[in-house]
Amino acid sequence: MYAKALFDIVHTSGQQALKLVVALEGGADELFASPNTLAAIEDHLLNVATTLAHLPPVVLLRLPQVDWTGWGALLQALRQRDPQRRDIVWYAVCGLLPATLVLLDQLRAQEPDWFEIQY
(Lines give C-alpha, C1' and ligand atoms only; values in the text may rest on other atoms or scores of the structure.)
Protein backbone atom coordinates (compact mmCIF):
# COMPACT_ATOMS: atom_id res chain seq x y z
CA MET A 1 0.00 0.00 0.00
CA TYR A 2 2.85 2.37 0.81
CA ALA A 3 4.36 1.90 -2.65
CA LYS A 4 0.96 2.55 -4.26
CA ALA A 5 0.51 5.85 -2.42
CA LEU A 6 4.01 6.97 -3.41
CA PHE A 7 3.50 5.82 -6.98
CA ASP A 8 0.26 7.82 -7.19
CA ILE A 9 1.99 10.97 -5.97
CA VAL A 10 4.87 10.54 -8.43
CA HIS A 11 2.57 9.72 -11.31
CA THR A 12 0.12 12.57 -10.70
CA SER A 13 2.74 15.25 -10.11
CA GLY A 14 4.87 13.96 -12.96
CA GLN A 15 2.00 14.00 -15.43
CA GLN A 16 1.05 17.54 -14.37
CA ALA A 17 4.62 18.75 -14.94
CA LEU A 18 4.77 17.07 -18.34
CA LYS A 19 1.46 18.63 -19.40
CA LEU A 20 2.85 22.07 -18.66
CA VAL A 21 6.07 21.38 -20.55
CA VAL A 22 4.29 19.97 -23.61
CA ALA A 23 2.28 23.17 -23.89
CA LEU A 24 5.47 25.21 -24.30
CA GLU A 25 6.36 25.88 -27.90
CA GLY A 26 9.60 27.74 -27.22
CA GLY A 27 11.32 24.99 -25.24
CA ALA A 28 13.69 25.86 -22.42
CA ASP A 29 13.79 29.55 -23.27
CA GLU A 30 10.02 29.86 -22.96
CA LEU A 31 9.95 27.85 -19.73
CA PHE A 32 12.59 29.94 -18.00
CA ALA A 33 11.07 33.19 -19.27
CA SER A 34 7.75 32.29 -17.63
CA PRO A 35 8.08 32.56 -13.85
CA ASN A 36 4.60 31.20 -13.14
CA THR A 37 4.97 28.14 -15.36
CA LEU A 38 8.47 27.51 -14.05
CA ALA A 39 7.26 27.73 -10.45
CA ALA A 40 4.43 25.28 -11.14
CA ILE A 41 6.74 22.80 -12.87
CA GLU A 42 9.34 23.09 -10.14
CA ASP A 43 6.67 22.45 -7.50
CA HIS A 44 5.62 19.27 -9.31
CA LEU A 45 9.25 18.20 -9.72
CA LEU A 46 9.90 18.85 -6.03
CA ASN A 47 6.93 16.62 -5.13
CA VAL A 48 8.25 13.87 -7.37
CA ALA A 49 11.85 14.14 -6.16
CA THR A 50 10.83 14.22 -2.50
CA THR A 51 8.52 11.25 -2.94
CA LEU A 52 11.13 9.22 -4.82
CA ALA A 53 13.55 9.87 -1.96
CA HIS A 54 11.11 7.97 0.29
CA LEU A 55 10.57 4.89 -1.86
CA PRO A 56 11.12 1.58 -0.09
CA PRO A 57 14.62 0.18 -0.69
CA VAL A 58 13.18 -2.86 -2.49
CA VAL A 59 11.72 -0.54 -5.14
CA LEU A 60 15.02 1.30 -5.55
CA LEU A 61 16.84 -1.98 -6.05
CA ARG A 62 14.35 -3.04 -8.72
CA LEU A 63 14.94 0.21 -10.64
CA PRO A 64 18.70 0.47 -11.13
CA GLN A 65 18.12 2.17 -14.50
CA VAL A 66 16.68 5.27 -12.81
CA ASP A 67 19.14 8.12 -12.47
CA TRP A 68 18.90 8.31 -8.67
CA THR A 69 21.88 10.67 -8.59
CA GLY A 70 20.05 13.01 -10.95
CA TRP A 71 16.93 12.96 -8.75
CA GLY A 72 19.08 13.72 -5.70
CA ALA A 73 20.78 16.62 -7.46
CA LEU A 74 17.40 17.97 -8.58
CA LEU A 75 15.98 17.69 -5.07
CA GLN A 76 18.94 19.56 -3.64
CA ALA A 77 18.81 22.28 -6.32
CA LEU A 78 15.08 22.84 -5.85
CA ARG A 79 15.23 22.87 -2.05
CA GLN A 80 18.10 25.35 -2.06
CA ARG A 81 16.54 27.45 -4.83
CA ASP A 82 19.90 27.26 -6.59
CA PRO A 83 20.06 30.08 -9.15
CA GLN A 84 22.05 27.74 -11.45
CA ARG A 85 19.33 25.07 -11.55
CA ARG A 86 18.23 25.69 -15.14
CA ASP A 87 20.14 22.74 -16.64
CA ILE A 88 19.03 20.23 -14.01
CA VAL A 89 15.38 21.35 -14.26
CA TRP A 90 15.43 21.09 -18.04
CA TYR A 91 17.12 17.68 -17.84
CA ALA A 92 14.45 16.57 -15.37
CA VAL A 93 11.48 17.54 -17.54
CA CYS A 94 12.96 16.29 -20.81
CA GLY A 95 14.63 13.07 -19.73
CA LEU A 96 14.65 12.20 -16.07
CA LEU A 97 10.93 12.49 -15.38
CA PRO A 98 9.60 10.76 -18.52
CA ALA A 99 12.09 7.89 -18.19
CA THR A 100 11.31 7.41 -14.50
CA LEU A 101 7.56 7.36 -15.12
CA VAL A 102 7.98 4.70 -17.81
CA LEU A 103 10.18 2.57 -15.55
CA LEU A 104 7.71 2.88 -12.66
CA ASP A 105 4.87 1.86 -14.96
CA GLN A 106 6.88 -1.19 -16.04
CA LEU A 107 7.59 -2.12 -12.42
CA ARG A 108 3.92 -1.74 -11.59
CA ALA A 109 3.06 -4.18 -14.39
CA GLN A 110 5.69 -6.66 -13.13
CA GLU A 111 4.81 -6.35 -9.42
CA PRO A 112 1.11 -5.44 -9.27
CA ASP A 113 0.81 -6.57 -5.63
CA TRP A 114 3.16 -3.77 -4.56
CA PHE A 115 0.78 -1.20 -6.00
CA GLU A 116 -2.56 -2.46 -4.74
CA ILE A 117 -4.46 -1.00 -1.83
CA GLN A 118 -4.73 -3.63 0.86
CA TYR A 119 -7.22 -3.50 3.68
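What comes next is a walk through the structure. Computed from a predicted model, the values in this text were never measured in an experiment.

The rules behind these values
Residues numbered from 1 in each chain as written. Predicted model: local features only at pLDDT ≥ 70, side-chain atom pairs only at ≥ 80, totals over all residues. Heavy atoms only, no water. Helix = DSSP H or I, 4+ residues; strand = E, 2+ residues; numbered from the N terminus. Expected span 1.5 Å × (residues − 1). Buried < 20%, exposed > 50% of the residue type's maximum accessible area, 1.4 Å probe, protein only. Arc of directions from axis to C-beta. Contact = heavy atoms within 4.5 Å. Polar contact = N/O pair within 3.5 Å; in protein donor to acceptor, adjacent residues only side chain to side chain. Axes fitted to C-alpha atoms, helices over the stretch in contact; angles between N-to-C directions. Parallel < 35°, antiparallel > 145°, perpendicular 65-115°, else oblique. Left-handed = near helix turned anticlockwise from the far one by under 90°. Nonpolar A, V, L, I, M, F, W, Y, C, P; charged D, E, K, R; others polar.

Quick word on helix α5 (residues 68-79)
Moving on, step 1. Its 12 residues place the ends of α5 16 Å apart at the C-alpha level, agreeing with the 16 Å of an ideal helix rising 1.5 Å per residue.
Moving on, step 2. All of the buried residues in α5 are Gly70, Trp71, Leu74, Leu75, Ala77 and Leu78. One side of α5 carries all its buried residues, which in axial view fall inside an arc of 165°. Exposed side of α5, more than 90 degrees from the buried face: Thr69 and Arg79 are the residues found there.
Moving on, step 3. On its buried face, α5 sits against α3 (35-52) and α6 (86-110).
Moving on, step 4. A positive phi of about 50° marks Arg81, the residue just after α5.

Here we look at the side chain of Lys4
Moving on, step 1. With respect to the helices and strands, Lys4 occurs in helix α1 (residues 2-22).
Moving on, step 2. A distance of 2.7 Å separates the side chain of Lys4 from the side chain of Asp8, its partner in a polar contact.

Focus: the packing of α5 against α6
Moving on, step 1. Taken N-terminus to C-terminus, the directions of α5 and α6 make an angle of 135°; their axes are 11 Å apart at the nearest point. Relative to α6, α5 is oriented oblique. In terms of crossing hand, the pair formed by α5 and α6 is left-handed. Here Gly70, Trp71, Ala73, Leu74, Ala77 and Leu78 of α5 lie close against α6, whose contacting residues are Ile88, Val89, Ala92, Leu96, Leu97 and Thr100.
Moving on, step 2. Grouping the amino acids of the contact of α5 with α6 by side-chain chemistry returns 10 nonpolar, 2 polar and no charged.

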